[in-house]
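Now for the letters of each chain:
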Amino acid sequence: MRIGILLSERAGADSLDRLADDLAEVHAEGFSSAWLSHIFGLDALTALAVIGARVPDIELGTAVVPSYPRHPAALAQQARTVALAVGPGRLTLGVGLSHQRVIEDMYGYDFDKPARHMSEYVAVLAPLLAGEPADFRGETLSGTLDLGVPNPEPVPLVLAALGPRMLRLAGRRTAGTTLWMTGPRTIAEHITPTITAAARDAGRPDPRIICALPVCVTDDPDDARSRAEKAFGFYGQLPSYRAMMDREGVDGPVDLALIGTEDEVAARIRAIADAGATDFVAAPFTRGESAKRTRALLTSLD
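Predicted model only: the values in this text are computed from it and were never measured.

K.L.:
Explain the side chain of Arg-10 residue by residue, including any values.
P.N.:
Position of Arg-10 among the secondary structure elements: in the loop between β1 (2-6) and α1 (15-29). In terms of polar contacts, Arg-10 uses its side chain to reach the side chain of Asp-22, at 3.1 Å. Look past the residues within four positions of Arg-10 in its chain and what remains in contact with it is Ser-15, Arg-18, Asp-22 and Arg-287.

If you want it as structure tokens, here you go:
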């Protein structure tokens, strides 16, 4: 199982420079990939184009770009341009639905049929990322066009997929899924069998299953759990993640965070690998000695 890092955006006018420094450190430490969320700060793809051009070799990914605010052709054009900027084989585009409170309450889009929306979105996005023309007319969107960005190879696409319908779509049409707030029991019993069966039925290679979770190596687990609750507790209020926590049988996000000594955290990461994850992306949430211990453990496992 490959080990990556979820980069943390820094505040301030020098945020891109600091993010590039963080990426250089992650690369020097030997992590296989670095991922950037797209929320309300930096545009993730633009940021990856800037910092990826400064730091070579390491895989770069978005986790994830919301689909609704951008037409799939516009997103494909941007992603292919970023891939051209950072070099072949480096960019993986992670796309997701986001959440009803964001898409409806903040952006003002209709979130009525999210699975249908994503199916139709991928029908346009996937061929364009592969360097092929799109020709699709659907209920929620359409796209009939080709792009001229001179990419030497396709840009891989992964979906933030948790429910059965989204997992089957990811298996049939994309390179895999990227997960958040999803534990090993749920990966083993729900995620892996559903997406893998769909991929095999479609004649595709076994999919990537990218599991991202908060991580902290520490001798003071109570303090780390308190920090995790403050940083991640609100995810327990979002329906898609709440459903995964209920499947896992945990009370909330803090119970999914990997907190403990080196041996304890390593054991939990091995459980994620045993569940079928191909990649683990760590989201460190402490600084100082704990952060150093966390990264040292992670690089020892890669």
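K.L.:
An account of the pattern of salt bridges is needed here, citing residue identities and associated values.
P.N.:
Throughout the structure, instances matching the rule amount to 17 salt bridges. The partner of Asp-43 in a salt bridge is Arg-70, and the shortest N-O contact between them spans 2.4 Å. On the criterion of sequence distance, the pair formed by Asp-43 in the loop between β2 (33-36) and α2 (44-54) and Arg-70 in the loop between β4 (65-66) and α3 (72-86) is long-range, its members being 27 residues apart. Notably, a salt bridge pairs Glu-59 with Arg-208, separated by 2.8 Å at the nearest N-O pair. Placement of the pair is Glu-59 in strand β3 (residues 59-62) and Arg-208 in strand β10 (residues 208-217), with a sequence separation of 149 residues. For Glu-59, a relative accessible area of 13% gives the class buried. A relative accessible area of 15% means that Arg-208 is categorised as buried. In the salt-bridge network here, residues are joined through shared partners; they are Arg-2, Glu-59, Arg-208 and Asp-279.

K.L.:
How would you summarise the UniProt feature "domain: Luciferase-like" (unreviewed entry) in the protein if you had to cite specific residues and measurements?
P.N.:
Mapped onto the present numbering, the UniProt feature "domain: Luciferase-like" (unreviewed entry) falls at residues 1-278. Taken end to end, residues 1-278 is 47% helix and 18% strand, and its two terminal C-alpha atoms sit 5 Å from one another.

K.L.:
Account for a positive patch on the surface, naming residues and giving values.
P.N.:
On the surface, a cluster of positive charge is made up of Arg-165, Arg-168, Arg-172, Arg-173 and Arg-204. Within the fold, Arg-173 resides in helix α6 (residues 164-173). The partly exposed category is assigned to Arg-173, whose relative accessible area is 34%.

K.L.:
Could you give an account of the pairing of β10, with specific residues and numbers?
P.N.:
The buried fraction of β10 amounts to 10 of the 10 residues, a majority that puts the element mostly inside the structure. Burial along β10 is two-sided: the residues Arg-208, Ile-210, Ala-212, Pro-214 and Cys-216 and Ile-209, Cys-211, Leu-213, Val-215 and Val-217 are all buried. In the sheet, strand β9 (residues 176-180) pairs with β10 via 5 bridges, with the strands oriented parallel. Its bridge partner being in β10, Thr-178 is matched across the sheet by Ile-210. Crossover β9 to β10 through helix α7 (residues 184-201) is right-handed.

K.L.:
Can you explain helix α8 (residues 221-232)? Please cite residues and give values.
P.N.:
Over its 12 residues, α8 extends 16 Å from the first C-alpha to the last, a length consistent with the 16 Å expected when each residue adds 1.5 Å. Along its buried surface, α8 packs onto β9, β10, α10 (253-256) and β11 (258-260).

K.L.:
With reference to specific residues and values, describe the packing of helix α5 (residues 114-129) against α6.
P.N.:
Closest axis-to-axis distance for the α5/α6 pair is 10 Å, and the angle between their directions is 10°. Relative to α6, α5 is oriented roughly parallel. As for the relative orientation of α5 and α6, their crossing is right-handed in sense. Judged by residue contacts, Ala-115, Arg-116, Met-118, Ser-119, Val-122, Ala-123, Ala-126 and Pro-127 of α5 engage Arg-165, Met-166, Leu-169 and Arg-173 from α6. Considering only residue class, the contact of α5 with α6 consists of 8 nonpolar, 1 polar and 3 charged.

K.L.:
Account for the packing of aromatic side chains, naming residues and giving values.
P.N.:
Describing an aromatic ring pair means giving the distance of the ring centres and the angle of the ring planes. All chains considered together, the criterion is met by 8 aromatic pairs. Ring geometry for Tyr-68 against Phe-111: centres 5.5 Å apart, planes inclined by 40°, an arrangement best described as tilted. Of the two residues, Tyr-68 sits in the loop between β4 and α3 while Phe-111 sits in the loop between α4 (100-107) and α5, which places them 43 residues apart along the sequence. One aromatic cluster is present, built from ring pairs that chain together Trp-180, Phe-232, Phe-234, Tyr-235, Tyr-241 and Phe-285.

Quick notes on the rules
Residues numbered from 1 in each chain as written. Predicted model: local features only at pLDDT ≥ 70, side-chain atom pairs only at ≥ 80, totals over all residues. Heavy atoms only, no water. Helix = DSSP H or I, 4+ residues; strand = E, 2+ residues; numbered from the N terminus. Polar contact = N/O pair within 3.5 Å; in protein donor to acceptor, adjacent residues only side chain to side chain. Contact = heavy atoms within 4.5 Å. Salt bridge = Lys/Arg side-chain N within 4 Å of Asp/Glu carboxyl O. Buried < 20%, exposed > 50% of the residue type's maximum accessible area, 1.4 Å probe, protein only. UniProt positions renumbered as here; feature names shortened; annotations may be inferred. Patch = residues over 30% accessible without salt bridge, like charges linked within 9 Å, V, L, I, M, F, W, Y side chains within 5 Å. Areas by Shrake-Rupley, 256 points an atom, 1.4 Å probe, with all protein chains shown as cover. Lys, Arg positive; Asp, Glu negative; His and termini not counted. Charge placed at Lys NZ, Arg CZ, Asp CG, Glu CD. Pairing = 2+ DSSP bridges. Right-handed = clockwise from strand over helix to strand, strands pointing away. Expected span 1.5 Å × (residues − 1). Axes fitted to C-alpha atoms, helices over the stretch in contact; angles between N-to-C directions. Parallel < 35°, antiparallel > 145°, perpendicular 65-115°, else oblique. Left-handed = near helix turned anticlockwise from the far one by under 90°. Nonpolar A, V, L, I, M, F, W, Y, C, P; charged D, E, K, R; others polar. Phe/Tyr/Trp six-rings, centres within 6.5 Å; stacked < 30°, edge-to-face > 60°.

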